[in-house]
Amino acid sequence: LTSIAGEGDQPVESRQKVLANALEAVLVRPELLDTADADALREEMSPEFQALLEAARDQWRATQRLDGAVLLEFCPTEKARAWVSARLVAGGDQEQAQQERWASQLTDALTRLQRMQKMVASRALKLQGARAGTQGDPTQELARLQQKLEIERTLVRSKTGRSGQS
């Protein structure tokens with residue numbers, strides 16, 4: 001599923017794996033397609049997979065089922081078709097605990113994507129600060145480094161479960 005990720009400079013493989021986990025959750029448990037998390041997931045996907053998610057959501061809203069043959073038409077490659085097909089077959093009657101696991105998998109994937117985006121922003125701010133410093137602009141250098149530090153603080157707080165200011 002090399003085309004699953006949208007544009008961005010995140011590490012491609014880990015971003016793709018996280019997106020694949022989230023997509024798997026909504027395909028196996030299609031009632032998740034009608035959630036805010038699924039909408040957030042769609043924004044993270046490549047255009048091809050955005051179309052797949054939109055079609056799946058529309059089908060689910062209209063009929064409370066997914067038409068795999070139609071959805072497979074949205075897959076950009078044969079490998080993607082095989083991957084999606086396997087997830088569509090995996091759905092069906094599941095125990096409550098298994099259903100909750102899919103919802104959790106979607107939420108966790110979105111949280112990991114947000115962390116990745118913050119890490120990329122932090123790296124970009126570090127580079128911008130260094131560039132400003134080498135260009136003799138200490139005010140911009142300090143501003144970028146302070147922004148970087150704030151992002152890193154939010155990452156640490158989110159990892160430790162603290163949400164308040166230090």
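Residues numbered from 1 in each chain as written. Predicted model: local features only at pLDDT ≥ 70, side-chain atom pairs only at ≥ 80, totals over all residues. Heavy atoms only, no water.

Peer 1: What's the story with the side chain of Gln50 in this structure? I'm lost.
Peer 2: By the element assignment, Gln50 lies in helix 3 (residues 47–63). There is a polar contact of 3.1 Å between the side chain of Gln50 and the backbone oxygen of Arg42. Setting aside chain neighbours within four positions, we find Gln50 in contact with Arg42, Glu43 and Met45. (Helix = DSSP H or I, 4+ residues; strand = E, 2+ residues; numbered from the N terminus. Polar contact = N/O pair within 3.5 Å; in protein donor to acceptor, adjacent residues only side chain to side chain. Contact = heavy atoms within 4.5 Å.)

Peer 1: How should I be thinking about the environment of Asp67 in this particular structure?
Peer 2: Within the element layout of this structure, Asp67 appears in the loop between helix 3 and helix 4 (68–72). Here the alpha-carbon distance between Asp67 and Leu88, two residues 21 residues apart in the chain, equals 9.0 Å.

Peer 1: Is there a simple way to think about helix 2 (residues 36–44) in this case?
Peer 2: In an α-helix, one turn spans 3.6 residues, which is why side chains three or four residues apart end up on the same side. Three or more residues of helix 2 are buried, namely Ala38, Leu41, Arg42 and Glu44. All buried residues of helix 2 fall inside an arc of 155 degrees around its axis, so they share one side. Exposed residues on helix 2 whose side chains face more than 90 degrees from its buried face are Ala36 and Glu43. (Buried < 20%, exposed > 50% of the residue type's maximum accessible area, 1.4 Å probe, protein only. Arc of directions from axis to C-beta.)

Peer 1: Mind showing me how you'd approach the packing of helix 2 against helix 3 here?
Peer 2: Helix-helix packing is characterised by the crossing angle of the two axes and by the distance between the axes. Look at helix 2 against helix 3: their axes get within 8 Å of each other, and the N-to-C directions meet at 155 degrees. As summarised for this structure, helix 2 and helix 3 are arranged roughly antiparallel, according to the angle between their axes. Between helix 2 and helix 3 lies a crossing of left-handed hand. Touching Asp39, Leu41, Arg42 and Glu43 of helix 2 are Gln50, Leu53, Glu54 and Arg57, all from helix 3. (Axes fitted to C-alpha atoms, helices over the stretch in contact; angles between N-to-C directions. Parallel < 35°, antiparallel > 145°, perpendicular 65-115°, else oblique. Left-handed = near helix turned anticlockwise from the far one by under 90°.)

Fair warning: the whole summary comes from geometry, so function is off the table for now.
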